[in-house]
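# Residue-level structural notes
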Amino acid sequence: MKRQFPKVGRPGGARLTRRGRLVVVAGVVGVVAVAVSLFLPSFREQPRPPKQVTRPKALVIPEGWRSSQVYAAVDTALGLRPGSTRRAAVAHGPHLRLPVVARGNPEGFLFPATYPLDEETTPAGLLSYMVNTAGHRFGTSPVNAGAQRHGMTLYQAVVVASIVQAEAETVAEMGKVARVIHNRLDQGMPLQMDSTLNYALNRSTLDTTHEDTKIESPYNTYGHRGLPPTPIGNPGEAAMKAAISPPPGDWLYFVTVAPGDTRFTADFDEQRENVDEFNARRRSAAEDSEERTTEE
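In short, a report on the structure. (Residues numbered from 1 in each chain as written. Predicted model: local features only at pLDDT ≥ 70, side-chain atom pairs only at ≥ 80, totals over all residues. Heavy atoms only, no water.)

### Some words on helix H4 (residues 84-92)
An α-helix turns once per 3.6 residues; consequently, residues spaced three or four apart project the same way. Quick note on the threshold: The classification of residues rests on relative accessible area computed with a 1.4 Å probe and restricted to protein chains. Under 20% of the type maximum is buried, over 50% is exposed, and intermediate values are partly exposed. Elements are defined by DSSP. Helices are runs of H or I of four residues or more, strands are runs of E of two residues or more, and each kind is numbered from the N terminus. Throughout, the arc means that of the directions going from the helix axis to the C-beta atoms. By definition, residues are in contact when any of their heavy atoms lie within 4.5 Å.
Listed in full, the buried residues belonging to H4 are Ser84, Thr85, Ala88 and Ala89. Buried residues of H4, seen end-on, are gathered within an arc of 140 degrees and therefore sit on one face of the element. The outward face of H4, more than 90 degrees from its buried face, is lined by the exposed residues Arg87 and Val90. Tucked into the core, H4 has its buried residues touching helix H3 (67-78) and helix H5 (123-138).

Now the structure itself:
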């Protein structure tokens, strides 16, 4: 379903070069001319010291970011080579306080928040901070009880929350999106969520083709029933609340036809009409964009 100067020293105290001393034999005037001409360029040609890169004092992780986005942001914030934090996640994942079923993969538990940074901050330490924060926010009795009411483990609740976070356009819609997910799971229907396909294909787009829905991946919720094997991003508390306490409703489908216009329904024919309207709006927008480009 459809839905980041060096200070220049004073020349007065400079000593003559070896070449300058040799010119003294020929005459004082020559010495002065050579000394000055040799002295000035020597200062201008000195390389400037490298700029000191100052770390930011904090790192903001937005709700819904995938682990790959978090890793890249940590690398940038700490001034590390790309891939450094990903390698740290692989090396230290088994030591993080994650559910056993996560198998050391912190996806879903890199809690979105603002994290302080200092000169001692390391990727491993920062990842541990994020996972521990998720444990404090998600590992509460109310959250566990809410997951159990829907026949889910805490890890499965995080998976649902990650889909809700990716699919809902606004916080107000999260509850209904979660209800659609639960209704489909209860009826044995495939979730058919574009967000899980996007995760499998490492992209983010509103356009899903028929070929996309045929890819072989456990994250293809068009071809596989049930939940994907892991979260598809890192949800916030609002998404988790929606996942464990969705409002009542019989909705099985939804589509965001236009910004601010997400339609939920239990009727397949109505859903098809809404999808047709969504596609028509997309085609019209693409044609308008092409016309503007041609005119320019």
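### Side note on unusual backbone geometry
Of note in the backbone geometry, Arg103 takes a positive phi value of approximately 55 degrees without being a glycine. Mapped onto the elements of the fold, Arg103 is located in the loop between H4 and strand S2 (114-116). Given a relative accessible area of 79%, Arg103 falls into the exposed group. One non-glycine residue, Asn202, lies in positive phi territory at about 55 degrees. Relative to the helices and strands, Asn202 is located in the loop between helix H9 (194-200) and helix H10 (237-244). Asn202 gets classed as exposed once you look at its relative accessible area, which sits at 60%.

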